[in-house]
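# Examination of the molecular architecture
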Amino acid sequence: MSDILIVDDERDIRELISDILGDEGYKTRMAGNSDGAMAAIAADPPALLILDIWLKDSNMDGIDILKAVKRDYPEVPVVIISGHGNIEIAVAAIKQGAYDFIEKPFNIDQLMVVIRRGMETSRLRRENTSLKRRETTPAEMLGESALFRALLGQLDKVTRSNGRVMLSGPAGSGKELAARYIHVNSNRAAAPFVTVGCASIDAERMEEVLFGRESKEKGVEPGLLEEADGGVIYFDEVADMPQGTQGKILRVLVDQQFLRVGGSNKVQVDLRVISSTSRDLEQEIAEGRFRRELYHRLNVVPISVPSLEERRDDIPLLAEYFIDMLNKAQGLPQRAIGSEARAQLQTMAWPGNVRQLRNLIERVLILGDGAGEIEARELPDEADRASGDGRVVLSGSLATMPLREAREAFEREYLLTQINRYGGNISRTAEFVGMERSALHRKLKSLGVATSGKTPARAG
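None of the values given here were measured: they were computed from a predicted structure.

## Looking at the side chain of serine 186
- Relative to the helices and strands, serine 186 resides in the loop between helix H7 (175-184) and strand S7 (193-197).
- Within the structure, the side chain of serine 186 is placed 2.8 Å from the backbone oxygen of histidine 183, a separation counted as a polar contact.
- Excluding anything up to four places from it in sequence, serine 186 contacts Thr159 and Arg272.

## What to know about the sheet that holds strand S2 (residues 28-31)
- Spatially, S2-S1-S3-S4-S5 is the arrangement adopted by the 5 strands of the open sheet, whose pairing is parallel. Single-partner strands in this sheet number two, and they are S2 and strand S5 (100-103). The mean angle between the axes of side-by-side strands here comes to 20°, regardless of whether they run parallel or antiparallel.
- As judged from the 4 bridges shared by strand S4 (residues 78-82) and S5, these two strands associate in the parallel manner. If you follow isoleucine 81 over to S5, its bridge partner there is isoleucine 102.
- Sheet contacts for helix H2 (residues 34-43): strand S1 (4-7), S2 and strand S3 (48-52); angle to S1, the most-contacted strand, approximately 170°.
- Taken strand by strand, helix H3 (residues 62-72) contacts S3 and S4, and its axis lies near 160° from that of S3.

## A short note on the environment of alanine 47
- Along the polypeptide, alanine 47 turns up in the loop between H2 and S3.
- For the pair alanine 47 and threonine 28, spaced 19 residues apart in the sequence, the C-alpha separation amounts to 9.9 Å.

## A word on the pairing of S4
- Among the 5 residues of S4, 5 are classified as buried, and the element is accordingly described as predominantly covered.
- Residues of S4 alternate between two faces, with Val78, Ile80 and Ser82 on one and Val79 and Ile81 on the opposite face, all of them buried.
- As paired strands, S3 and S4 are joined by 4 bridges and run parallel to one another. When the sheet's bridge partners are listed, leucine 49 is paired in S4 with valine 78.
- Note that the unit made of S3, H3 and S4 has a crossover that is right-handed.

How each quantity is defined
Residues numbered from 1 in each chain as written. Predicted model: local features only at pLDDT ≥ 70, side-chain atom pairs only at ≥ 80, totals over all residues. Heavy atoms only, no water. Helix = DSSP H or I, 4+ residues; strand = E, 2+ residues; numbered from the N terminus. Polar contact = N/O pair within 3.5 Å; in protein donor to acceptor, adjacent residues only side chain to side chain. Contact = heavy atoms within 4.5 Å. Pairing = 2+ DSSP bridges. Axes fitted to C-alpha atoms, helices over the stretch in contact; angles between N-to-C directions. Buried < 20%, exposed > 50% of the residue type's maximum accessible area, 1.4 Å probe, protein only. Right-handed = clockwise from strand over helix to strand, strands pointing away.

Everything listed here is a matter of coordinates, which is why it stays silent on function.
Pasting the structure below:
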């Protein structure tokens, strides 16, 4: 897409324009009728099209070709030329999406001004499309925990296929990052990755945003499905998709084609679909808010993305990554994490998951009073933390218990916290708390903590 295609039924005219443009350093191609023009465009869309309105011995006139080009190649500027020009034809051409209109016999200087502007418009449109398609979120997956390695193994398997993937997990756990990982490691990596924020798009506008629209005033306005052609369309929080749109998306998944809003010609697309949800879609189906047929079409390969609390082993690694990232992106201090702060991070509640961790690290770096290690006192207060003078501040429940019950309650919660911190690894927990592994097992049993399952739990 770097040359100019000249379409005119008069050989002398098209060769004259070609010679003029060649002298200015432009590459050109020529066609004398509509069949030749459409074949040349299909073989390699030009950077700009110079098109005669009236074409002898052709199945299509210039307006018909203009409509087809704006439908299938909306980024190509079209300059209309005609020896029978009048204001009505010019207005009709502009309404159909023509970039400009020049009347024969044309002034060479005028022609070159229009061509230069048209080529600049073409360049800007290509750059804009490229920027839209460029990754804006890193697709690097970080973690060392068993759950994370299992997730990565599943993602690596689906990169080798074209199957539809449904990512489920709590908000902020990294579902979009997982989707981008699939994309950049697949054979569609060079093609677009387009995100549809189902919860953020107004229900009334959803179909225009997805399918695009056609109108006499604005011509063709491509939607997100067309932008994703050849690549991946990612439906973020698909449970929030309006019910009316669900049926139409189901049709797209079956046919890989659709109509723009206000249009009459079908648009063919080649898409891989990845979806995500933080809600229970089976419950959404039972309550009539989500179509079962669409669920089965989207849920070909279900993958669960674990919460941050399920992979506490990864918290220090992720925190260090965010420190490095924020240092490079915003110039915030490059600080190490102290051992007490590291332990505190691993034992905190993380309802906002990885997103919450990133925000916390950013806040600490902004409000921190130096470039030294991040200390536990800089992190949010937690119940039963040490006070400023080293005393432990008791919660109300512990303060009202007899000593023996309070000690057992504290030991139970402390050991559960440490076991969760180390992802259920009893050996690592025993090493940290300073007990023999067998002694820790006996202690847990005496406190009524069952450890035979995947995660520790209170017995009884």
